[in-house]
Amino acid sequence: MGLFINIVQSVTTLAIASFYGSLVLFDMVLGVIRHGPGAFFGYKVRPDRPKCLADPDLGTHGYVRLESSGLRFHYVAAGERDKPLMLCLHGFPECWYSWRHQLKEFRNSYRVVAPDLRGYGETESPQPFGYRGWPNFSLAHLANDVRELIEALGYSSCTLVAHDWGGIIAWRVAIDRPDLVDRLIVMNNPHPGLYMKYMTAHFSQLRRSWYMFLFQLPWLPEIFLKSLDFEYVNAFMSCKRHGAITDEDFEGFKYTFARPGVNMSAAINYYRAGMKMPPRCYKGTKVTCPTLQIWGDQDEFLEVGLTEGTGKFVPDFTLKVVPGASHCVQQDQPTVVNGIIRDWLEE
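Owing to the predicted nature of the structure, the values given are computational and were not obtained by experimental measurement.

How each quantity is defined
Along each chain, the written sequence defines residue order, and numbers are assigned to residues from 1. Local features in a predicted model are, by the rule used here, given only for residues with pLDDT of at least 70; side-chain atom pairs are given and counted only at 80 or more, and totals for whole chains, interfaces and linings are based on all residues. Side-chain figures throughout are based on the complete set of non-hydrogen atoms in the structure, without hydrogens or water. Helix and strand assignments come from DSSP, with helices taken as H or I runs of at least 4 residues and strands as E runs of at least 2, each series counted from the N terminus. Restricting the calculation to C-alpha atoms gives the radius of gyration, and the globule rule supplies 2.2 Å times the number of residues raised to the power 0.38. For each residue, the accessible area found with a 1.4 Å probe, counting protein chains only, is set against the maximum for its type, and the residue is called buried under 20%, exposed over 50%, and partly exposed in between. Contact definition: two residues touch when any of their heavy atoms are within 4.5 Å. Counted as positive: Lys and Arg. Counted as negative: Asp and Glu. His and the chain ends are not counted at all. To locate a charge, take NZ of a lysine, CZ of an arginine, CG of an aspartate or CD of a glutamate. For two strands to be treated as a pair, DSSP must find no fewer than two bridges joining them. Crossovers are marked right-handed if the path from the first strand over the helix to the second runs clockwise, as seen with the strands pointing away from the viewer. Throughout, nonpolar core names a set of buried Ala, Val, Leu, Ile, Met, Phe, Trp, Tyr and Cys residues whose side chains join them through atoms within 4.5 Å. Axis definition: a line fitted to C-alpha atoms, limited for helices to the stretch in contact. Angles are taken between N-to-C directions and run from 0 to 180 degrees. Within this analysis, patches are made of residues with over 30% relative accessible area and no salt bridge. Like charges are joined at 9 Å or less; nonpolar side chains (Val, Leu, Ile, Met, Phe, Trp, Tyr) at 5 Å or less. Only the protein chains shown count as cover for residues, and all accessible areas are computed by the Shrake-Rupley method using a 1.4 Å probe. Between Lys or Arg on one side and Asp or Glu on the other, a salt bridge is scored when a side-chain nitrogen of the former is within 4 Å of a carboxyl oxygen of the latter. Whether two aromatic rings pair depends on their centres lying within 6.5 Å, for rings of Phe, Tyr and Trp, where Trp uses its six-membered ring; planes under 30 degrees apart make the pair stacked, over 60 edge-to-face, and the rest tilted. The criterion for a charge sitting over a ring is simple: Lys NZ or Arg CZ within 6 Å of the ring centre, and within 35 degrees of the ring normal. To estimate the expected span of a helix, count its residues, drop one, and scale the result by 1.5 Å.

**Q** Looking at this structure, how should I read the overall build of the protein?
**A** When helices and strands are counted, the protein shows 13 helices and eight strands. Relative to a compact globule of 347 residues, whose C-alpha radius of gyration would be 20 Å, the protein shows 19 Å and is just as compact. In terms of principal-axis extent, the alpha carbons of the protein reach across some 55 × 50 × 40 Å. Buried residues in the protein amount to 54% of all 347 residues. Look at the contacts in the protein between residues 6 or more apart in sequence, and 77% of them connect residues 24 or more apart. Charge-centre separation for the protein: the mean point of 35 positive side chains lies 4 Å from the mean point of 36 negative side chains.

Encoded structure:
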(Lines give C-alpha, C1' and ligand atoms only; values in the text may rest on other atoms or scores of the structure.)
Protein backbone atom coordinates (compact mmCIF):
# COMPACT_ATOMS: atom_id res chain seq x y z
CA MET A 1 0.00 0.00 0.00
CA GLY A 2 2.81 2.40 0.89
CA LEU A 3 4.51 1.77 -2.46
CA PHE A 4 1.26 2.45 -4.31
CA ILE A 5 0.78 5.74 -2.46
CA ASN A 6 4.36 6.78 -3.28
CA ILE A 7 3.79 6.00 -6.95
CA VAL A 8 0.57 8.02 -7.01
CA GLN A 9 2.29 10.95 -5.27
CA SER A 10 5.21 10.82 -7.73
CA VAL A 11 2.92 10.73 -10.75
CA THR A 12 0.80 13.57 -9.37
CA THR A 13 3.87 15.69 -8.66
CA LEU A 14 5.22 15.09 -12.17
CA ALA A 15 1.88 15.98 -13.73
CA ILE A 16 1.63 19.26 -11.80
CA ALA A 17 5.29 20.02 -12.51
CA SER A 18 4.77 19.41 -16.23
CA PHE A 19 1.72 21.68 -16.25
CA TYR A 20 3.61 24.57 -14.68
CA GLY A 21 6.63 23.77 -16.82
CA SER A 22 4.54 24.21 -19.96
CA LEU A 23 3.28 27.58 -18.70
CA VAL A 24 6.80 28.75 -17.90
CA LEU A 25 8.09 27.50 -21.25
CA PHE A 26 5.37 29.47 -23.02
CA ASP A 27 6.28 32.57 -21.00
CA MET A 28 9.93 32.08 -21.93
CA VAL A 29 9.09 31.82 -25.64
CA LEU A 30 7.24 35.13 -25.37
CA GLY A 31 10.28 36.58 -23.60
CA VAL A 32 12.60 35.46 -26.38
CA ILE A 33 10.30 37.04 -28.97
CA ARG A 34 10.06 40.26 -26.98
CA HIS A 35 13.71 40.69 -25.99
CA GLY A 36 15.62 38.52 -28.46
CA PRO A 37 17.49 35.31 -27.55
CA GLY A 38 20.73 37.09 -26.63
CA ALA A 39 19.11 39.43 -24.13
CA PHE A 40 16.71 36.83 -22.74
CA PHE A 41 19.21 34.04 -22.10
CA GLY A 42 22.17 36.28 -21.35
CA TYR A 43 23.28 37.29 -17.89
CA LYS A 44 26.13 39.18 -16.33
CA VAL A 45 28.84 37.16 -14.58
CA ARG A 46 29.71 38.81 -11.28
CA PRO A 47 33.20 37.77 -10.10
CA ASP A 48 33.54 40.40 -7.38
CA ARG A 49 31.47 41.17 -4.29
CA PRO A 50 29.18 44.15 -4.84
CA LYS A 51 29.83 47.09 -2.57
CA CYS A 52 26.80 46.33 -0.40
CA LEU A 53 28.19 42.89 0.51
CA ALA A 54 31.53 44.42 1.48
CA ASP A 55 30.06 46.97 3.89
CA PRO A 56 32.19 46.72 7.07
CA ASP A 57 29.30 48.04 9.19
CA LEU A 58 27.51 44.73 8.66
CA GLY A 59 30.29 42.63 10.19
CA THR A 60 33.35 40.64 9.23
CA HIS A 61 33.52 37.87 6.65
CA GLY A 62 34.80 34.47 7.72
CA TYR A 63 35.03 30.85 6.61
CA VAL A 64 34.89 27.48 8.34
CA ARG A 65 35.28 24.01 6.85
CA LEU A 66 32.80 21.45 8.14
CA GLU A 67 34.08 18.04 9.13
CA SER A 68 31.62 15.55 7.65
CA SER A 69 30.99 17.20 4.27
CA GLY A 70 34.34 18.92 3.84
CA LEU A 71 32.48 21.99 2.52
CA ARG A 72 33.80 25.46 3.23
CA PHE A 73 31.06 27.68 4.63
CA HIS A 74 31.10 31.45 4.32
CA TYR A 75 29.52 33.66 6.97
CA VAL A 76 29.34 37.25 8.18
CA ALA A 77 29.57 37.88 11.91
CA ALA A 78 28.86 40.95 14.04
CA GLY A 79 29.29 41.32 17.80
CA GLU A 80 31.88 40.14 20.28
CA ARG A 81 32.91 36.49 20.43
CA ASP A 82 32.15 36.23 24.15
CA LYS A 83 28.47 36.99 23.60
CA PRO A 84 25.84 34.27 23.07
CA LEU A 85 25.37 33.08 19.50
CA MET A 86 22.47 34.19 17.32
CA LEU A 87 22.61 32.13 14.14
CA CYS A 88 20.53 33.38 11.19
CA LEU A 89 19.54 31.06 8.33
CA HIS A 90 18.38 32.64 5.07
CA GLY A 91 15.87 31.38 2.51
CA PHE A 92 15.48 31.09 -1.26
CA PRO A 93 16.80 32.76 -3.40
CA GLU A 94 18.88 34.74 -0.95
CA CYS A 95 22.16 34.75 0.99
CA TRP A 96 23.55 36.02 4.29
CA TYR A 97 22.72 39.59 3.24
CA SER A 98 19.02 38.98 3.98
CA TRP A 99 19.96 39.52 7.63
CA ARG A 100 21.72 42.88 7.18
CA HIS A 101 19.22 44.68 9.43
CA GLN A 102 19.45 42.06 12.17
CA LEU A 103 23.27 41.98 12.08
CA LYS A 104 23.27 45.66 13.00
CA GLU A 105 20.39 45.50 15.47
CA PHE A 106 21.50 42.63 17.71
CA ARG A 107 25.29 42.87 17.61
CA ASN A 108 25.45 44.55 21.01
CA SER A 109 23.69 41.64 22.73
CA TYR A 110 24.77 38.66 20.62
CA ARG A 111 27.45 37.27 18.39
CA VAL A 112 25.22 37.43 15.30
CA VAL A 113 26.32 35.08 12.52
CA ALA A 114 24.63 34.90 9.11
CA PRO A 115 26.04 32.13 6.88
CA ASP A 116 25.52 31.38 3.24
CA LEU A 117 23.75 28.03 3.30
CA ARG A 118 25.07 24.96 1.46
CA GLY A 119 25.59 25.83 -2.22
CA TYR A 120 24.65 29.50 -1.82
CA GLY A 121 26.88 32.53 -2.31
CA GLU A 122 30.45 31.90 -1.22
CA THR A 123 29.69 28.61 0.53
CA GLU A 124 30.82 25.60 -1.45
CA SER A 125 28.42 23.22 -3.17
CA PRO A 126 28.93 19.44 -3.10
CA GLN A 127 29.52 17.46 -6.28
CA PRO A 128 27.93 16.54 -8.58
CA PHE A 129 26.61 19.88 -9.81
CA GLY A 130 23.31 20.10 -11.66
CA TYR A 131 20.09 18.15 -11.28
CA ARG A 132 21.78 14.88 -10.31
CA GLY A 133 23.18 16.47 -7.18
CA TRP A 134 19.82 16.78 -5.41
CA PRO A 135 20.48 13.97 -2.86
CA ASN A 136 23.21 16.16 -1.32
CA PHE A 137 20.56 18.66 -0.26
CA SER A 138 18.42 16.42 1.90
CA LEU A 139 17.11 17.92 5.12
CA ALA A 140 19.34 15.56 7.09
CA HIS A 141 22.43 17.05 5.38
CA LEU A 142 21.21 20.61 5.85
CA ALA A 143 20.40 20.14 9.54
CA ASN A 144 23.78 18.53 10.13
CA ASP A 145 25.43 21.56 8.51
CA VAL A 146 23.84 23.71 11.21
CA ARG A 147 25.02 21.41 13.99
CA GLU A 148 28.59 21.42 12.71
CA LEU A 149 28.50 25.16 12.06
CA ILE A 150 27.51 25.89 15.65
CA GLU A 151 30.38 23.73 16.87
CA ALA A 152 32.87 25.21 14.38
CA LEU A 153 32.00 28.70 15.61
CA GLY A 154 32.93 27.62 19.12
CA TYR A 155 29.45 27.30 20.65
CA SER A 156 27.33 24.50 22.06
CA SER A 157 23.93 26.14 21.42
CA CYS A 158 22.35 29.26 19.95
CA THR A 159 19.31 31.41 19.46
CA LEU A 160 18.31 30.15 16.03
CA VAL A 161 16.68 32.68 13.69
CA ALA A 162 15.43 31.60 10.30
CA HIS A 163 13.33 32.54 7.28
CA ASP A 164 11.77 30.52 4.44
CA TRP A 165 14.03 27.52 3.64
CA GLY A 166 16.16 28.44 6.61
CA GLY A 167 13.01 27.93 8.65
CA ILE A 168 12.54 24.39 7.33
CA ILE A 169 16.07 23.59 8.47
CA ALA A 170 15.62 25.36 11.81
CA TRP A 171 12.44 23.43 12.66
CA ARG A 172 14.29 20.17 11.96
CA VAL A 173 17.25 21.14 14.15
CA ALA A 174 14.97 22.22 17.00
CA ILE A 175 13.02 18.94 16.83
CA ASP A 176 15.95 16.53 16.48
CA ARG A 177 18.64 18.41 18.45
CA PRO A 178 16.91 20.46 21.15
CA ASP A 179 20.22 20.77 22.98
CA LEU A 180 21.48 23.06 20.19
CA VAL A 181 18.61 25.57 20.27
CA ASP A 182 18.01 27.85 23.28
CA ARG A 183 15.32 29.86 21.50
CA LEU A 184 13.80 29.55 18.05
CA ILE A 185 12.57 32.38 15.82
CA VAL A 186 11.03 31.39 12.47
CA MET A 187 9.74 33.83 9.87
CA ASN A 188 7.17 32.98 7.20
CA ASN A 189 7.67 29.26 7.33
CA PRO A 190 5.22 26.78 8.91
CA HIS A 191 5.95 23.88 11.19
CA PRO A 192 6.70 20.86 8.95
CA GLY A 193 3.85 18.89 10.44
CA LEU A 194 1.33 21.37 9.04
CA TYR A 195 2.35 22.25 5.49
CA MET A 196 1.29 19.21 3.42
CA LYS A 197 -2.00 18.76 5.28
CA TYR A 198 -2.87 22.42 4.79
CA MET A 199 -1.89 22.46 1.11
CA THR A 200 -3.99 19.40 0.27
CA ALA A 201 -6.99 21.03 1.99
CA HIS A 202 -6.54 24.49 0.47
CA PHE A 203 -6.29 24.76 -3.31
CA SER A 204 -5.24 28.39 -2.95
CA GLN A 205 -2.03 27.28 -1.20
CA LEU A 206 -1.41 24.62 -3.84
CA ARG A 207 -1.52 27.36 -6.48
CA ARG A 208 0.87 29.53 -4.48
CA SER A 209 3.30 26.59 -4.38
CA TRP A 210 3.56 26.38 -8.19
CA TYR A 211 7.32 27.02 -8.21
CA MET A 212 7.99 24.08 -5.87
CA PHE A 213 6.49 21.76 -8.48
CA LEU A 214 8.25 23.54 -11.36
CA PHE A 215 11.59 22.98 -9.62
CA GLN A 216 11.12 19.21 -9.82
CA LEU A 217 11.88 19.36 -13.55
CA PRO A 218 15.48 19.16 -14.80
CA TRP A 219 17.21 22.09 -16.52
CA LEU A 220 14.18 24.29 -17.17
CA PRO A 221 14.10 25.96 -13.71
CA GLU A 222 17.79 26.87 -13.98
CA ILE A 223 17.30 28.46 -17.40
CA PHE A 224 14.17 30.23 -16.20
CA LEU A 225 15.87 31.80 -13.16
CA LYS A 226 18.95 32.94 -15.12
CA SER A 227 16.95 34.58 -17.89
CA LEU A 228 16.97 38.35 -18.32
CA ASP A 229 19.94 38.61 -15.96
CA PHE A 230 18.13 36.91 -13.06
CA GLU A 231 15.01 39.04 -13.32
CA TYR A 232 12.92 36.25 -11.79
CA VAL A 233 15.19 36.13 -8.75
CA ASN A 234 14.09 39.70 -8.09
CA ALA A 235 10.45 38.64 -8.47
CA PHE A 236 10.78 36.00 -5.74
CA MET A 237 11.94 38.71 -3.33
CA SER A 238 9.41 41.45 -3.99
CA CYS A 239 8.45 43.53 -0.94
CA LYS A 240 5.43 45.67 -0.22
CA ARG A 241 7.42 48.61 1.17
CA HIS A 242 8.95 50.73 -1.58
CA GLY A 243 12.73 50.65 -1.47
CA ALA A 244 12.89 47.77 1.02
CA ILE A 245 15.28 46.00 -1.36
CA THR A 246 17.16 48.46 -3.57
CA ASP A 247 18.77 47.84 -6.95
CA GLU A 248 22.11 47.67 -5.15
CA ASP A 249 20.71 45.05 -2.77
CA PHE A 250 19.47 42.99 -5.73
CA GLU A 251 22.99 43.07 -7.14
CA GLY A 252 24.12 41.46 -3.91
CA PHE A 253 21.59 38.67 -4.25
CA LYS A 254 22.37 38.16 -7.94
CA TYR A 255 26.02 37.73 -6.99
CA THR A 256 24.91 34.55 -5.16
CA PHE A 257 23.99 32.94 -8.48
CA ALA A 258 26.25 34.76 -10.96
CA ARG A 259 29.71 34.06 -9.57
CA PRO A 260 32.06 32.18 -11.92
CA GLY A 261 31.68 28.42 -11.54
CA VAL A 262 28.66 28.64 -9.25
CA ASN A 263 26.28 25.68 -9.04
CA MET A 264 23.02 27.34 -10.03
CA SER A 265 21.21 24.06 -9.35
CA ALA A 266 22.12 24.07 -5.66
CA ALA A 267 19.32 26.36 -4.51
CA ILE A 268 16.78 24.51 -6.66
CA ASN A 269 17.97 21.13 -5.41
CA TYR A 270 16.69 22.04 -1.92
CA TYR A 271 13.19 21.75 -3.37
CA ARG A 272 13.97 18.63 -5.38
CA ALA A 273 15.31 16.82 -2.34
CA GLY A 274 12.41 18.09 -0.23
CA MET A 275 9.83 16.47 -2.50
CA LYS A 276 11.75 13.34 -3.47
CA MET A 277 12.65 12.25 0.05
CA PRO A 278 10.02 10.20 1.94
CA PRO A 279 7.78 12.44 4.07
CA ARG A 280 8.31 12.33 7.82
CA CYS A 281 5.60 11.94 10.43
CA TYR A 282 5.75 14.66 13.10
CA LYS A 283 2.96 13.25 15.25
CA GLY A 284 4.10 13.16 18.85
CA THR A 285 7.15 15.37 18.29
CA LYS A 286 7.55 18.61 20.20
CA VAL A 287 9.70 21.71 19.89
CA THR A 288 10.71 22.12 23.52
CA CYS A 289 12.40 25.53 23.38
CA PRO A 290 10.53 28.88 23.49
CA THR A 291 9.50 29.64 19.91
CA LEU A 292 8.51 32.85 18.15
CA GLN A 293 6.87 32.76 14.73
CA ILE A 294 6.73 36.00 12.73
CA TRP A 295 4.54 36.16 9.64
CA GLY A 296 4.05 38.86 7.01
CA ASP A 297 0.37 38.60 6.15
CA GLN A 298 0.87 39.67 2.51
CA ASP A 299 3.06 36.67 1.71
CA GLU A 300 2.58 35.76 -1.97
CA PHE A 301 3.77 32.19 -1.46
CA LEU A 302 2.61 31.00 1.96
CA GLU A 303 -0.79 31.74 3.47
CA VAL A 304 -1.04 32.97 7.04
CA GLY A 305 -3.44 30.07 7.69
CA LEU A 306 -0.39 27.81 7.82
CA THR A 307 0.27 29.11 11.33
CA GLU A 308 -2.95 27.52 12.65
CA GLY A 309 -2.30 24.48 14.81
CA THR A 310 1.37 25.27 15.52
CA GLY A 311 0.71 25.28 19.24
CA LYS A 312 0.04 21.52 19.33
CA PHE A 313 3.65 20.95 18.21
CA VAL A 314 5.18 23.83 20.20
CA PRO A 315 4.00 24.21 23.81
CA ASP A 316 5.84 27.52 24.39
CA PHE A 317 4.65 29.31 21.24
CA THR A 318 4.19 32.97 20.31
CA LEU A 319 2.82 34.17 16.97
CA LYS A 320 3.25 37.72 15.70
CA VAL A 321 1.65 38.71 12.40
CA VAL A 322 3.07 41.77 10.65
CA PRO A 323 0.25 43.49 8.72
CA GLY A 324 1.11 44.58 5.20
CA ALA A 325 4.44 42.76 5.09
CA SER A 326 5.50 40.38 2.34
CA HIS A 327 7.17 36.97 2.45
CA CYS A 328 10.56 38.66 3.03
CA VAL A 329 9.24 40.09 6.27
CA GLN A 330 12.59 40.85 7.94
CA GLN A 331 13.63 42.93 4.93
CA ASP A 332 10.22 44.44 4.21
CA GLN A 333 9.58 45.68 7.77
CA PRO A 334 12.93 45.44 9.59
CA THR A 335 12.12 47.96 12.32
CA VAL A 336 8.88 46.19 13.22
CA VAL A 337 10.45 42.73 13.07
CA ASN A 338 13.49 43.76 15.11
CA GLY A 339 11.21 45.27 17.74
CA ILE A 340 9.15 42.06 17.95
CA ILE A 341 12.29 39.97 18.34
CA ARG A 342 13.84 42.21 20.97
CA ASP A 343 10.68 42.41 23.07
CA TRP A 344 10.25 38.64 22.95
CA LEU A 345 13.88 37.95 23.84
CA GLU A 346 13.64 40.30 26.82
CA GLU A 347 10.47 38.70 28.25
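Here the narrative resumes.
**Q** Looking at this model, I keep getting lost on the pairing of strand 6 (residues 181-187). Mind explaining?
**A** Side chains on a regular strand alternate between the two faces of the sheet. Strand 6 sits mainly inside the fold: five of its seven residues count as buried. As defined by bridge partners, strand 5 (residues 158-163) adjoins strand 6 across six bridges and the pair is classed as parallel. Bridge assignment links H163 to a residue of strand 6, and that residue is M187. For the segment spanning strand 5, helix 5 (residues 165-176) and strand 6, crossover handedness is right-handed. Across four bridges, strand 6 lies against strand 7 (residues 291-296) in parallel orientation.

**Q** What am I meant to see in the nonpolar core here?
**A** Across soluble globular proteins, nonpolar side chains have a tendency to be buried as a group. Counting 79 residues, the largest nonpolar core has L87, I169 and L184 as the members making the most contacts within it. With eight residues, the single largest contributor to this core is helix 9 (residues 220-236). Within the second largest apolar cluster, 35 residues are counted, among which are A78, M86, C88 and V112.

**Q** Looking at this structure, how should I read the sheet that holds strand 6?
**A** For sheets, the rule is that strands pair by backbone hydrogen bonds, running either parallel or antiparallel. Strand order in this open sheet of eight strands is 1-2-4-3-5-6-7-8, and the pairing throughout is mixed. A strand with exactly one partner marks an edge of an open sheet, and here the two such strands are strand 1 (60-65) and strand 8 (317-322). On average, each strand axis in the sheet is inclined to that of its neighbour by 20°, with strand direction left out of account. The strands touched by helix 4 (residues 139-152) are strand 1, strand 2 (72-78), strand 3 (85-89), strand 4 (111-115) and strand 5; relative to strand 3, the strand with the most contacts, the crossing angle is about 145°. Across the sheet, helix 13 (residues 334-345) lies against strand 3, strand 5, strand 6, strand 7 and strand 8, angled at about 155° from strand 6, the strand it touches most.

**Q** What exactly am I supposed to notice about unusual backbone geometry here?
**A** Excluding glycine, most residues fall at negative phi; most peptide bonds, likewise, are trans. Here F92 and P93 are connected by a cis peptide whose omega angle stands at -5°. Here the residue pair Q127 and P128 is connected by a cis peptide bond, since its omega of 0° sits within 30 degrees of zero. Relative to the assigned elements, P128 resides in the loop between strand 4 and helix 4.

**Q** Hey, could you run me through a nonpolar patch on the surface in this one?
**A** A cluster of nonpolar side chains, namely L25, F26, V29, L30 and I33, defines an oily patch on the protein surface of about 500 Å² accessible area. Tracing the backbone through its elements, the reader meets I33 in helix 1 (residues 2-35). A relative accessible area of 66% places I33 in the exposed class.

**Q** I'm lost on the packing of aromatic side chains in this one. Help?
**A** For any two aromatic rings, the description comes down to two numbers: the centre-to-centre distance and the angle of the planes. By the definition in use, this model includes 25 aromatic pairs. Between the aromatic rings of W96 and Y97, the centroid separation amounts to 5.6 Å while the plane-to-plane angle is 85°, which identifies the pairing as edge-to-face. Seen from their ring centres, W165 and Y270 are 5.3 Å apart, and the 80° between their planes marks the pair as edge-to-face. Taken together, the residues span a long stretch of sequence, with W165 in helix 5 and Y270 in helix 11 (residues 265-276) at a distance of 105 residues. Neither W165 nor Y270 differs from the other in exposure class; each is buried. The ring centre of Y63 lies 4.0 Å from the NZ or CZ of R72, which sits over that ring.

**Q** Explanation requested: helix 5 in the structure shown.
**A** Since there are 3.6 residues in each turn of an α-helix, residues three or four apart along the chain are aligned in direction. In a regular helix each residue adds 1.5 Å, so twelve residues correspond to 16 Å; helix 5 covers 17 Å between its end C-alpha atoms and thus fits that length. Burial in helix 5 covers these residues: W165, G166, G167, I169, A170, W171, R172, V173, A174 and I175. In this structure, the buried residues of helix 5 make contact with strand 3, helix 4, strand 5, strand 6, helix 11 and strand 7.

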